[in-house]
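# Architecture at a glance
These are the residues of each chain, in order.
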Amino acid sequence: MTEPVWELLNDLEDSISTGYRISHTPPVVSIPAITEDSARPCDEVENVDQDAATVCAEADMETQGCSAVAQKLASSGKDIKQVSSAIRSCKACNLHSFRKNAVPGTGSLHPLLLVVSSFPCADDDKVGLPFVGHAGQYLDKWLKPVGLSRYRNVYITSLVKCRPPQNRGPLAEETEICIQYFIRQIQLLQPSMMLITGRSAARILFRDSNNTNEAAQPAEPERGKVHTCFGLPTIVTYHPGEVLRNQALRKDVWNDLQVMRDHLRSIRADYQPPAV
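Residues numbered from 1 in each chain as written. Predicted model: local features only at pLDDT ≥ 70, side-chain atom pairs only at ≥ 80, totals over all residues. Heavy atoms only, no water.

### A look at the overall build of the chain
- Within the chain one finds 10 helices and 6 strands.
- Looking at the chain residue by residue over its 276 residues, the buried ones come to 50%.
- Considering only contacts in the chain between residues 6 or more positions apart, those separated by 24 or more positions represent 74%.
- In the structure as shown, the chain presents an accessible area of about 13100 Å², 52% of it carried by carbon and sulfur atoms. (Helix = DSSP H or I, 4+ residues; strand = E, 2+ residues; numbered from the N terminus. Buried < 20%, exposed > 50% of the residue type's maximum accessible area, 1.4 Å probe, protein only. Contact = heavy atoms within 4.5 Å. Areas by Shrake-Rupley, 256 points an atom, 1.4 Å probe, with all protein chains shown as cover.)

And the structure:
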């Protein structure tokens, strides 16, 4: 599949479903009413010991430091459900006082691909799920032509699990805490590859990955190449929201997705994307 064909399919789907092309200003998409249970990511369960855990965590933070407590909480999670529950009750930094919902992540528990952004947007914060607005719809369109879906073989999360106020970038102490949860998610999910969306997320993740025992990676990773980040083959591309604002980036994104597809196909025999 060539890049023009990929764009044509996107435009055709837009026209059929909404009557507009994605290059035009999209209409406002209302988020359906969500109950308390349906607002949780599909991989979460109720934390019956949440109050007790919160009290213990707040006491530990005074003596051990926030990052150490987050690491302790993250490592105590035996599966993704437990880690998600710990994230939802986390008060290790001030972001918890601004959030409506923490956003642990959602998708396949045995993913081929882990998709990562920097932090949740306002729509994500409302419902506790990542990439639910226009950018999320656009991300789904990116993944579909390469045989990937959040409902089948992709897990989607963000580095920082709570939305910063006024969409400001996350502070160093906030990423230092949340990276503990992110590392635990990688350990439990064991994805074959990672797609980082956005330069902010890429800079933070490659910086922290370089602080491990891995070989040093570029602080500003080049697009269109396979890097290694936290032990995973990694592709860096633009954030879907950025591409919605600048349609000239679509070709670059498609090139990145093709590199990702080809590498994933070379390391996973069970990955069979649509014929090109």
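From this point, the discussion proceeds with the structure in view.
### Brief notes about the pattern of salt bridges
- Within this structure, the stated rule accounts for 9 salt bridges.
- Asp252 serves as the salt-bridge partner of Arg223, at 3.8 Å between the closest nitrogen and oxygen. Of the two residues, Arg223 sits in the loop between helix 8 (199-210) and strand 5 (227-229) while Asp252 sits in helix 10 (residues 250-267), which places them 29 residues apart along the sequence.
- Residue Arg223 is joined to Asp256 by a salt bridge in which the shortest nitrogen-to-oxygen separation is 2.8 Å. Here Arg223 is found in the loop between helix 8 and strand 5, whereas its partner Asp256 is found in helix 10, with 33 residues between them in sequence.
- Given a relative accessible area of 26%, Arg223 falls into the partly exposed group.
- Among the ionic contacts, a cluster of salt bridges with common partners joins Arg223, Asp252 and Asp256. (Salt bridge = Lys/Arg side-chain N within 4 Å of Asp/Glu carboxyl O.)

### What about the sheet that holds strand 2 (residues 113-117)?
- Across the sheet, which stays open at both edges, the 6 strands sit in the order 1-3-2-4-6-5 with mixed pairing between neighbours. Both outer strands of the open sheet, strand 1 (106-107) and strand 5, are each paired with one neighbouring strand and no more.
- Bridging between strand 2 and strand 4 (residues 193-197) involves 4 bridges; their strand directions are parallel. By the bridge assignment for strand 4, Leu114 is matched with Met194. (Pairing = 2+ DSSP bridges.)

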